[in-house]
Structure formats: C-alpha cells, structure tokens
Amino acid sequence: MTLFVLKRTGGALLVLLTLSVIVYALFYLAPGDPARLACGERCNPAQIAQVREQLGLNDSAPTQYLHFLQGLLAGRDHSGGAGLVLHCDAPCLGFSYQNDQQVTELILDRLPATLSLALGALVIWLVVGVGTGLLSALRRGGITERALTVLTLAGTGTPVFILGLLLLMTVCAHLQWLPFPTYVPLSEDPEQWAWNLLLPWVTLGFFESAKYARLTRSSTLETLAEDHIRTFRAYGVGERAVVTRHAVRGAVAPVIALSAVDFGTMIGGAVLTESLFGIPGLGKTLIDGVRVVDLPVVVGVVLTIGTAVVLAGAIADLLYAAADRRVTLA
C-alpha cells in the first residue's frame, strides 16, 4: 500500500509539472504581446518596451518558465517600475494586469465561493443520486424503478443553464419564494449563505445526481448478482442484512472514487452556474480574465483548476485502493 501511495503521489507531481509547462506555453508564448496587454492600448512603443523589460519578456522562453516555476515554489521579486520592487510570496502566480493585485490573493478571495458551491452540490448529488440508485436497484422492474428512470433521464438531459433559468423564473420571479441569489460569505451570515446558495446547489446537484443514480443502480445490481451474495442468502442471512452490510458496501466504493474526481472538476466546471447566479467564484473570475485578456489571472485560475482535478484524481485512487485492496496490486 505504501508503494502504491508513493507511486500515485509521484505520478500526480509529474502531471502537475507537465500541466504547468503546457499552461505557461499555451498562454504566455502564444502569438500576441503580453507587454502590450499589460501596458494597455494607449502606451507608446517606449512604454511597451519598458513593461517588457519589467516582465522579463526579453529573456529566452526556458528562462521565463524557470522564473515562473521559481515563483510557484519559492516566490520571486517583480519590478514595479521606477526602481520599485514588489515581492510575491510562494506560490506566486504574478500580478493582475488590471489592478496589480497578486493573482494568488485574488484566487484565495474567490476560492471560498467556489468551494461553497461545490460542497453543497456534492451533498445533494450523493444523497439524492445514491439514494435514488439504491432504491431503483432494490425495486427493479416495478413502478418505482420506472418513475426513477424517467427522473434520471430528465436530470441527464437537462442542461445546467436551462434548469438554473427555470428555477430563477419560477421560484424567484413567479412564486417569489426566494429572493434572487446574492452570494453572502459563510463567515458573515451562515443563514443567508445557505439560502442564497440553495438554488445553485439544487441546479448542480440535480444534474450530477442523475449520473450517480445510474452508477449506483448498475453497481448495486452487479454486486447483488455476485456469488458471495447468493451464498449469504443460501445460509439464511436476512435480505436487509445482505443489502445493508454487503451489497451497499460494494456498490458505494466506485461512487466514492468518482465523487472525489467530480468534486475536483467542479472547482472549475461550475462556470455556467457561477455566471448564471452571480457567484464570485473561480469560474466567473476565469471568464472575466479571458474577457479582458488578463493573462496572469487566466493562467493562475487554469493552473488552480488543473491542480484541483489532479489532486482529486489522486485522492480518488487512494480511496478506491482503501476500499478494494486488489487495486494496489494492479
């Protein structure tokens, strides 16, 4: 198990290093002049040349990347012009072109909103998705299964933005049961935090729960058909004990592993939901950064999202290995 953990951790670090190379090359070395983007349209050639020198763009591409990597690992100093030196602590992702704010600070400011959205959606899709899948498997062939199948298909086939718009129009505009969502930090008012995130949670949770319902149903049916389950039944073990102690345990293992991956993906995959409900999270920050071509912000958010996905994948593998020791031997 220790060797498996070391190999999986080493693999994740290698993927993160590769990701940093690709993201840096994709944005900073692509056609276009970052110095002009940072300086603005009204800058003259002399001012652009000065900004290029401040950003270190006159160095070779490998040197620029090594400085970028140094900032991530140990921090670095940036020239602020007129002899001013700005220190950026590790992990340093540079400064925003728009307001000279450290990108790391900007991401840390926006991360709680994204985590709030992802955590609430995770609870909903696990409770609703796993519960629906289990019930559908245990009621196979009945009216309950057919009704849940229709509900699952509806969840799978409804785009997130359509469901979000429907909820806003019915719950907020027509019925006026809730005000239009406005993000309130958890530290300021926990009750308002929950009420304002309720519709975004339902929107994302309903969409993802359909996938988990199908996965749980198929996994449960597969487990119930295994030889050891038939053996328990042959020895007279009660159906409730067979389901709760053995079938559910075997069915939930892949669900837990997939949940970890989906949670990491949700860190950056909730762009539409954040934009639709006005949540100031990483997805909305990325869209805003792309709109004004703020390269340090775009690179910082993409790297953060990529890191979250890679770490979630590694955690999913470790959870799956803990649930099924045969994985460590593969």
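As the structure is a prediction and not an experimental result, all values here were calculated from the model. (Residues numbered from 1 in each chain as written. Predicted model: local features only at pLDDT ≥ 70, side-chain atom pairs only at ≥ 80, totals over all residues. Heavy atoms only, no water.)

(A) Representation of the overall build of the protein chain. In terms of regular secondary structure, the protein chain is built from 13 helices and two strands. Expressed along its principal axes, the backbone C-alpha trace of the protein chain runs to roughly 85 × 60 × 35 Å. Each of the 330 residues in the protein chain was classed as buried or not, and the buried ones make up 40%. Taking contacts inside the protein chain between residues at least 6 apart in sequence as the whole, the part at least 24 apart equals 63%. Roughly 17900 Å² of accessible area belongs to the protein chain as shown, and the carbon and sulfur atoms make up 65% of that amount. For the protein chain, the centre of its 22 positive side-chain charges and the centre of its 24 negative side-chain charges are spaced 13 Å apart. (Helix = DSSP H or I, 4+ residues; strand = E, 2+ residues; numbered from the N terminus. Buried < 20%, exposed > 50% of the residue type's maximum accessible area, 1.4 Å probe, protein only. Contact = heavy atoms within 4.5 Å. Areas by Shrake-Rupley, 256 points an atom, 1.4 Å probe, with all protein chains shown as cover. Lys, Arg positive; Asp, Glu negative; His and termini not counted. Charge placed at Lys NZ, Arg CZ, Asp CG, Glu CD.)

(B) The arrangement of the pattern of salt bridges in detail. Summed over the entire model, instances satisfying the criterion amount to five salt bridges. Taking the shortest distance from any N to any O, the salt bridge between K211 and D262 comes out at 2.9 Å. You can see K211 sitting in helix 8 (residues 190-224) and its partner D262 sitting in helix 10 (residues 239-269), a full 51 residues away along the chain. Accessibility expressed as a relative area gives 10% for D262, which makes it buried. (Salt bridge = Lys/Arg side-chain N within 4 Å of Asp/Glu carboxyl O.)

(C) Highlighting the packing of helix 7 (residues 160-174) against helix 8. Look at helix 7 against helix 8: their axes get within 10 Å of each other, and the N-to-C directions meet at 140°. In this view, helix 7 runs oblique relative to helix 8, as classed from their interaxial angle. Here helix 7 and helix 8 pass one another in a crossing that is right-handed. For the pair helix 7 and helix 8, the contacting residues are V160, L163, G164, L167, L168, V171 and C172 in the first and L199, V202, T203, F206 and F207 in the second. Per-class residue counts for the contact of helix 7 with helix 8 are ten nonpolar, two polar and no charged. (Axes fitted to C-alpha atoms, helices over the stretch in contact; angles between N-to-C directions. Parallel < 35°, antiparallel > 145°, perpendicular 65-115°, else oblique. Left-handed = near helix turned anticlockwise from the far one by under 90°. Nonpolar A, V, L, I, M, F, W, Y, C, P; charged D, E, K, R; others polar.)

Nothing here speaks to function; it is geometry throughout.
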